[in-house]
Amino acid sequence: MLSIVICSKNKELCDQLVANINQTIGIPFELEIISGAESITQAYETGLKKSSGELCLFLHEDVLFHTQDWGKTLLGHFNSDPTIGLIGVAGAKIHTFIPSAWWDCSENEKVIRILQHKPGGQTEDQNQGFEAGKLVEVAVIDGVFMALRKEVGAHFDKTLKGFHGYDLDISLAVQENGYKVAVIQDVVLEHFSLGNLQLGWLTALLQVHRKYKHILPLAKGDAESSLLQEIRNLVQLFKHYIKLH
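The structure displayed is predicted, hence computed values, not measured ones.

Caption draft 1: View of the layout of surface pockets. In this model, the largest pocket occupies a volume close to 1300 Å³. Lining the largest pocket we find 45 residues, and of these His-60, Asp-142, Leu-194, Gly-195 and Asn-196 sit closest to its centre. Only helix H2 (40-50), strand S8 (110-117), strand S9 (123-128), strand S11 (140-141), helix H4 (166-176) and helix H5 (199-211) provide two or more residues apiece to the lining of the largest pocket. The leading source of residues in the lining of the largest pocket is S8, at four residues. Here the lining of the largest pocket is composed, by residue class, of 20 nonpolar, 16 polar and nine charged. Within this model, the second largest pocket holds a volume of roughly 180 Å³. Split by residue class, the lining of the second largest pocket holds seven nonpolar, one polar and three charged.

Here it is in C-alpha cells:
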C-alpha cells in the first residue's frame, strides 16, 4: 500500500487534490492529512509514524496529477530497484558543499517533469534531464512530491522550524543511509505556485548544510563537482543573504 501524507493549510486546495488522487492513482492507498502543524517536518514526521504503507508519499496540496494510474507507475519504479529510497519529480544531479538551493546548478544538471504555473498565468511544461531514461539518479529533490521507502529508516528532522529545508534534509538522509534518490519523468504533476524564499529558508538551508557537511558535495551520474560551481554558489548565497535581509 502507498500512504500519502499532506500538510494542509488550505482546505479547498486539499479537497481538490484528494478528489484528483481518487480519480487518477489507480491503486489502494491510505491518506493522512495533517493540519495545524507548527512546521512541515513536524507534520511529515507525524504522518510517517501514523502511516502503514511500505511507501510514503509526501505531497504539497497545490498540485494536480495529470497521469492516469500514476500509483502503479510509482510502485513500478520502486520495485525495479530495491536500492532506490526516495523519488521526486524535480531535482538536481549535483549539490555543492556551499549552501545552495537545489536549482542552483547548471541547466544540464537539473532533472524535472512538472507543469509549472508562472506569474502572469502562463504554464510552463518543464521536462528536462531524461536523456538516460524515465528515471534519473540525483543528489537532491524538490519537496513538491517526495516518495519515501520506509525501510530506509530516514526521518524528518523536527529541529528544522517552519516550512523549509525538509526536502534537502531527507534527500541527504536517504543517501547517508545507503540508498539512491531519483527523479522520474512518467508521473506528471501540475503545480500551481512557485513558492517564495524567506529568511527562514536561508536559516534552514544553513542548518542542513552544517548537518551533512561530511557527505557534501554530492554528484550523481555524469555530473561532476567543480570549484567553479562552488564559487558560483558562494556568490549566489551572498545574493540570497542580501535579498532576504
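Structure's up, so let's keep going.
Caption draft 2: Spatial organisation of the nonpolar core. Counting 78 residues, the largest nonpolar core has Leu-59, Trp-70 and Phe-145 as the members making the most contacts within it. The element contributing the most residues to this core is H4, with six residues. With sequence-adjacent residues up to four places away left out, Trp-70 is seen in contact with Leu-2, Ile-4, Ile-21, Thr-24, Ile-25, Leu-57, Phe-65, Phe-145 and Val-187.

Caption draft 3: Seen up close, the packing of H5 against helix H6 (residues 227-244). At a minimum axis distance of 9 Å, the contact between H5 and H6 shows a crossing angle of 145°. When you trace H5 past H6, the crossing you get is left-handed. Contacts from Leu-199, Trp-201 and Leu-202 of H5 reach H6 at Leu-237, His-240, Tyr-241 and Leu-244. Residues that form the contact of H5 with H6 fall into these classes: six nonpolar, one polar and no charged.

Caption draft 4: Spatial organisation of the pattern of salt bridges. One pass over the full model with this rule turns up 10 salt bridges. For Lys-11, the salt bridge goes to Asp-15, with nearest N and O atoms at 2.7 Å. With Lys-11 and Asp-15 both in helix H1 (residues 11-24) and four residues apart, the pair spans about one turn of that helix. Classification of Asp-15 as partly exposed rests on a relative accessible area of 40%.

Caption draft 5: Molecular detail of the environment of Ala-154. Among the structural elements, Ala-154 can be located in the loop between strand S12 (145-149) and H4. C-alpha separation for the pair Ala-154 and Thr-203, spaced 49 residues apart in sequence, amounts to 22 Å. The contacts of Ala-154, once residues within four sequence positions are left out, are Leu-48, Leu-148, Ile-170, Ala-173, Val-174 and Asn-177.

Caption draft 6: Broad picture of the pairing of strand S1 (residues 2-8). Burial analysis of S1 places seven of its seven residues in the buried class, which makes it a mostly covered element. Neither face of S1 is left uncovered, since the one carrying Leu-2, Ile-4, Ile-6 and Ser-8 and the one carrying Ser-3, Val-5 and Cys-7 both have all their residues buried. As defined by bridge partners, S1 adjoins strand S2 (residues 29-35) across seven bridges and the pair is classed as parallel. Bridge pairing in S2 places Ser-3 opposite Glu-30.

Caption draft 7: Broad picture of the sheet that holds strand S3 (residues 55-59). If you trace the seven strands from one edge of the open sheet to the other, you get S2-S1-S3-S12-S5-S13-S10, paired in mixed fashion. Looking at strand neighbours, the two that pair on one side only are S2 and strand S10 (135-138), the edges of this open sheet. In this sheet, adjacent strand axes meet at a mean angle of 25° when their direction is disregarded.

Criteria and cut-off values
Residue numbers run consecutively from 1 along every chain, following the written order of its sequence. This being a predicted model, a pLDDT of at least 70 is required before a residue's local features are given, and a value of 80 or more before pairs of side-chain atoms are given or counted; all residues contribute to the totals for chains, interfaces and linings. Think of the side-chain values as coming from all heavy atoms in the structure, minus any hydrogens and water. Using a 1 Å grid laid over the protein atoms alone, points where a 1.4 Å probe fits but cannot get out form a cavity; open sets with protein on both sides within 12 Å along at least 5 of 7 lines form a pocket; any residue with an atom within 4 Å of a point counts as lining. Grid points are joined across faces, edges and corners, and a volume is the space filled by probe spheres set on the points. Numbering of helices and strands starts at the N terminus; helices are DSSP runs of H or I of at least 4 residues and strands are runs of E of at least 2. Residue polarity is assigned by list, with Asp, Glu, Lys and Arg as charged and Ala, Val, Leu, Ile, Met, Phe, Trp, Tyr, Cys and Pro as nonpolar; anything else, Gly included, falls into the polar class. Residues grouped as a nonpolar core are buried Ala, Val, Leu, Ile, Met, Phe, Trp, Tyr and Cys residues, joined through side-chain atoms within 4.5 Å. Each residue is placed in one exposure class: buried if its accessible area under a 1.4 Å probe, protein chains only, is under 20% of its type's maximum, exposed if it is over 50%, and partly exposed if it falls in between. In what follows, a contact means two residues having at least one pair of non-hydrogen atoms within 4.5 Å. Lines fitted to C-alpha atoms define the axes here, with helix axes fitted over just the stretch in contact, and angles between the N-to-C directions of these axes take values from 0 to 180 degrees. Crossing handedness is defined as follows: a turn of the near helix away from the far one that is anticlockwise and smaller than a right angle gives a left-handed crossing, while the clockwise case is right-handed. Here, a salt bridge means any Lys or Arg side-chain nitrogen found within 4 Å of an Asp or Glu carboxyl oxygen. Whether two strands pair comes down to DSSP finding at least two bridges between them.

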